[in-house]
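Survey of secondary and tertiary structure
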Amino acid sequence: MFEINIALRHIKARRRQTTFSVIAVALSVAIIIVSMSMLTGFRENIIETTVENQAHITVSPKENEDYISLYHGLESFIREQEGVAAVSSYYKRGAAIQYRHNVEGAVLSGVRPVDEDHVLNVKKDMIAGEFESILGTGNRIILGSKLADKLEVGIDDTVTVSFPGSKPSDFKITGIIQTGTSADETLAYANLEQVQDFYGKSGIVTGIGIRVSDVYAVDPLADRIDRETGYDAESWMEQSSEILNLLNTQRQFVFIFYLMIFAISGFSIANILNMIVMEKVGEIGMLLAMGTSRKSILAIFLLEAGILGIIGVIIGAVLGYVSCILLISYTIPVPPEMYFGLDHLPIRIASENFLIAGAFSMVINILAGINPAHRASKMDPVEAIHSV
Amino acid sequence: MSEKNIIQITDLTKVYGDGVKIKALDNVNMTIGRGEFMAIVGPSGSGKSTLLNMIGILDTPTSGTITLDGVDITKASEKERSKMRNQKLGFIFQYHHLLPDFNAVENVMMPLLINGIKPTNARAKAHTMLKEVGLGERINHKPRQLSGGENQRVAIARALANSPEIVIGDELTGNLDSKTSEKIYELLRKLNREHNQTFILVTHDEQMAEKTERIIGLVDGKITEDKST
Ligand SMILES: Nc1ncnc2c1ncn2[C@@H]1O[C@H](COP(=O)(O)OP(=O)(O)OP(=O)(O)O)[C@@H](O)[C@H]1O
Ligand SMILES: [Mg+2]
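Computed from a prediction, not measured in an experiment: that's the story for all the values here. (Residues numbered from 1 in each chain as written. Chains lettered and ligands numbered in written order. Predicted model: local features only at pLDDT ≥ 70, side-chain atom pairs only at ≥ 80, totals over all residues. Heavy atoms only, no water.)

Digging into the domain arrangement of chain A
Residue and element names in this part refer to chain A. Domains assigned within chain A are domain 1 (2-51 + 243-386) and domain 2 (57-239). Taken over C-alpha atoms, the centre of domain 1 sits 52 Å from the centre of domain 2. Each partner contributes to the interface: domain 1 provides four residues, whereas domain 2 provides four residues. Roughly 410 Å² of surface becomes buried between domain 1 and domain 2 when both sides are summed, with 82% attributable to carbon and sulfur atoms. The largest contributions to the domain 1 side of the interface with domain 2 come from I47, V51 and L244, which together make up 82% of the buried area. For the pair domain 1 and domain 2, the number of links is zero salt bridges. The interface formed by domain 1 and domain 2 holds zero residue pairs in polar contact (both at pLDDT 80 or more) in total. Ranked by residue count, the leading element in the side of domain 1 that touches domain 2 is helix α2 (residues 15-53), at three residues. Its residues assigned to classes, the side of domain 1 that touches domain 2 shows three nonpolar, one polar and no charged. (Domains from an automatic or database assignment. Contact = heavy atoms within 4.5 Å. Buried area = accessible area lost by both parts, 1.4 Å probe. Salt bridge = Lys/Arg side-chain N within 4 Å of Asp/Glu carboxyl O. Polar contact = N/O pair within 3.5 Å; in protein donor to acceptor, adjacent residues only side chain to side chain. Helix = DSSP H or I, 4+ residues; strand = E, 2+ residues; numbered from the N terminus. Nonpolar A, V, L, I, M, F, W, Y, C, P; charged D, E, K, R; others polar.)

Structure below.
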């Protein structure tokens, strides 16, 4: 183990120069950890929002059909499946809503409020009135906040709802909902039976929403429902495949930048090692004369790269962690439209990010040491001794 | 081959250069006995260092064989050569070549550690060696804190640490004044008598050479004289 002694002495004797390469490694690791934590946070946030604001699985009518009839049977079949947490059937169609001289297009969903809340957590988005209020007698409706603004209506106002080929009906507003998404401009909820009546289609629905217990294990379940019922069951992953693909592409892109940042710190390690090897030619010659094997010479300089690297990685990890904590604790003013309603940077401190950044940095640091170490191990002892 | 001979050199030739060939050693034959204290002399460029490097397994001959303690080193693997350098050979050069980041005792320990000896045992042995060369009090000094002569003593202690059969010195007093040189020679002579190790010393200094038991003269890569004193 004399190799590690020599490696440590070489580093200690050049504390000032080696400090620089350690700092380079530490900074690269810290920057990458912060960046990875932001990306992870951002990604999880988007997924969370996506998962939160849509049914995990949506069952739609069969091809060439507009409705799901006999939906009670289908619903109970789905409820029996493992991993299903809640099921909500709905009748959803476009409609026009009028209040005095204002007319707005809307998407009217007829739901059973308890079921719908179980699937989509709607209650927490209510900013006025109760979600269950649509169960009361008479035509009752809940409007999205922006839709209500455009119609210039509030709670207890009565609006007229119509769709082509139907006679307009009056609905009393019993609640306002705000999801924070663009849906607020068109959202309208009413009792399922009343909406079915309104469209003259009792006993059928246009879709079934499902909440599952494990959002990442959703695809096999969707496939099974699809296969066994013949209806079209699509998971949130399939529905959001575009944004998920985008996130994956972004990951690959930033990876190139990570490589470049690591390359810079790798160069600084290679640089200091080249310097030490150059300075130590005579010493290497003498070590060979004393019977040190070429493998040991290689080991000495690879160890130096490793030691500098590991110190840098540890400092970098601490620095990265502290930076993340500081960034999390700061509330950064961002336009809510931009960050999906976030008012701070979504940073997620995940241990795997530290492991990946550290391991990657170490691989690059050792790689950077290979060339100088190899050169040292291949020296001719006579020439090396004479070089002094 | 007699057991008495530690080194057997047969038809040793070394040619340097690809285009213009330089014959540094030309068909050298000689035997060196166990415990001999000898000098190699000759004009500059006569091949003294080349011969020493061959014996020290630092360089390989163009043709011919060298047998050290019964082993043909020209046929040995890289690993065996390293091992022999460590265990059978001790080197002292014109410059001390001590590791500057290590103190005296650590420098002397180095060949022992390379040999796989435990650090505590290595330290004890190194301390003993430093006492033998008269530096028992300065073991914790780094090379830059010691004089040229003192550093050369540390280098001698290091060369002898693994109790090698053969100690080779290439102009090891070349950088020292004549008084210090003389002391170093006396030290080597004393060590040679006490440990019965073979000493082969290259020197320009005729007076020093006269103090050895055997002088080999080299001219143009050939042995021109071999006299016992
Ligand atoms: N690596 C080499 N490449 C080419 N020629 C070499 C090399 N090493 C030695 N020589 C040549 O071989 C010859 C013998 O060199 P060597 O170093 O053995 O001489 P020396 O007797 O030790 O001389 P000095 O007393 O000056 O040290 C010289 O002509 C030298 O130029
Ligand atoms: Mg010479």
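Section: the side chain of S296(A)
Within the element layout of this structure, S296(A) appears in helix α11 (residues 294-329). Not counting residues up to four positions away in its chain, the partners in contact with S296(A) are F2(A) and E3(A).

Focus: the sheet that holds strand β10 (residues 222-228) of chain B
All names here are of chain B. An order of β6-β7-β8-β3-β9-β10 is seen for the six strands of this open sheet, with the pairing classed as mixed. For this open sheet the edge positions go to β6 (89-92) and β10, each flanked by a neighbour on one side alone. With direction set aside, neighbouring strand axes in the sheet form an average angle of 15°. Against the sheet, helix α6 (residues 178-195) contacts β3 (37-41), β6 and β8 (198-202), and its axis sits at roughly 155° relative to β8. (Pairing = 2+ DSSP bridges. Axes fitted to C-alpha atoms, helices over the stretch in contact; angles between N-to-C directions.)

Details of the interface of chain B and chain A
Opposite the 21 residues of chain B that make contact, chain A presents 24 residues. Buried surface at the junction of chain B and chain A, both sides included, amounts to about 2000 Å², of which 65% is carbon and sulfur. K280(A) is the partner of D101(B) in a salt bridge, and the nearest nitrogen-oxygen pair spans 3.1 Å. There are seven residue pairs in polar contact (both at pLDDT 80 or more) connecting chain B and chain A. Among the secondary structure elements, those contributing two or more residues to the side of chain B that touches chain A are α2 (78-87) and α3 (104-114) of chain B. Per-element accounting of the side of chain B that touches chain A gives the leading share, five residues, to α3(B). Among the residues making up the side of chain B that touches chain A, the classes are represented as 11 nonpolar, four polar and six charged.

What to know about the sheet that holds strand β5 (residues 71-72) of chain B
Residue and element names in this part refer to chain B. Pairing within the open sheet is antiparallel, and its four strands lie in the order β2-β1-β4-β5. Among the strands making up the open sheet, the edge pair consists of β2 (22-33) and β5. In terms of strand pairing, strand β4 (residues 63-68) meets β5 through two bridges, oriented antiparallel. Each bridged residue has a counterpart across the sheet, and for L68 the counterpart in β5 is V71.

Focus on a nonpolar patch on the surface
Residue and element names in this part refer to chain A. A cluster of nonpolar side chains, namely I310, I311, I314, I315, V318, Y321, V322, I325, L326 and Y330, defines an oily patch on the protein surface of about 930 Å² accessible area. Tracing the backbone shows V322 in helix α11. In this structure V322 comes out as partly exposed when scored by relative accessible area, which is 43%. (Patch = residues over 30% accessible without salt bridge, like charges linked within 9 Å, V, L, I, M, F, W, Y side chains within 5 Å. Areas by Shrake-Rupley, 256 points an atom, 1.4 Å probe, with all protein chains shown as cover. Buried < 20%, exposed > 50% of the residue type's maximum accessible area, 1.4 Å probe, protein only.)

Considerations on the packing of aromatic side chains
All names here are of chain A. According to the stated counting rule, one finds 14 aromatic pairs over all chains in the structure shown. Ring plane angle 90° and centroid distance 5.0 Å describe the contact between F131 and Y189, whose orientation is recorded as edge-to-face. On the criterion of sequence distance, the pair formed by F131 in the loop between β5 (126-129) and β6 (140-144) and Y189 in strand β9 (residues 187-191) is long-range, its members being 58 residues apart. Each member of the pair, F131 as well as Y189, is classed as buried. Their ring planes at 75° and their centres at 4.9 Å tell us that F198 and Y199 sit as a pair that is edge-to-face. Of the two residues, F198 and Y199, neither departs from the other in class, the shared state being buried. Cluster of aromatic residues (ring-pair linked, three or more members): Y67, Y91, F163, F171, F198 and Y199. The ring of Y231 has K62 lying over it, and the distance from NZ or CZ to the ring centre is 4.9 Å. If you follow K92 out to its NZ or CZ, it ends over the ring of Y90, 5.2 Å from the centre. (Phe/Tyr/Trp six-rings, centres within 6.5 Å; stacked < 30°, edge-to-face > 60°. Lys NZ or Arg CZ within 6 Å of the ring centre and 35° of its normal.)

A short note on the UniProt feature "transmembrane region" (unreviewed entry) in chain A
Residue and element names in this part refer to chain A. UniProt's feature table lists "transmembrane region" (unreviewed entry) at residues 20-42, 255-277, 297-330 and 350-370, given in the numbering used throughout. Measuring from the first to the last C-alpha atom of residues 255-277 gives 32 Å, for a span that is 100% helix and 0% strand. Helix makes up 97% of residues 297-330 and strand 0%, whereas the separation of the span's terminal C-alpha atoms amounts to 49 Å. (UniProt positions renumbered as here; feature names shortened; annotations may be inferred.)

Description of the environment of E228(A)
Within the secondary structure layout, E228(A) lies in helix α7 (residues 218-229). The spacing of E228(A) and F77(A) is 151 residues in sequence and 9.8 Å in space, taken between C-alpha atoms.

Structural notes on the site of ligand 1
All names here are of chain B. S44, G45, K48, S49 and T50 are the nearest of the 13 residues found near ligand 1. G45 is positioned such that a nitrogen or oxygen atom in its backbone is 2.8 Å from an oxygen atom of ligand 1. Contact distances for ligand 1 include 2.5 Å between an oxygen atom and a side-chain N or O atom of T50. When isolated, ligand 1 has an accessible area of 620 Å², and the protein chains bury 62% of it. Sorting the residues of the shell around ligand 1 by element identifies β2 and α1 (48-55) as the ones contributing at least two each. When residues in the shell around ligand 1 are grouped by element, the largest group, three residues, is from α1. Looking at the shell around ligand 1 residue by residue, the class counts come to four nonpolar, seven polar and two charged. (Near = heavy atom within 4 Å.)

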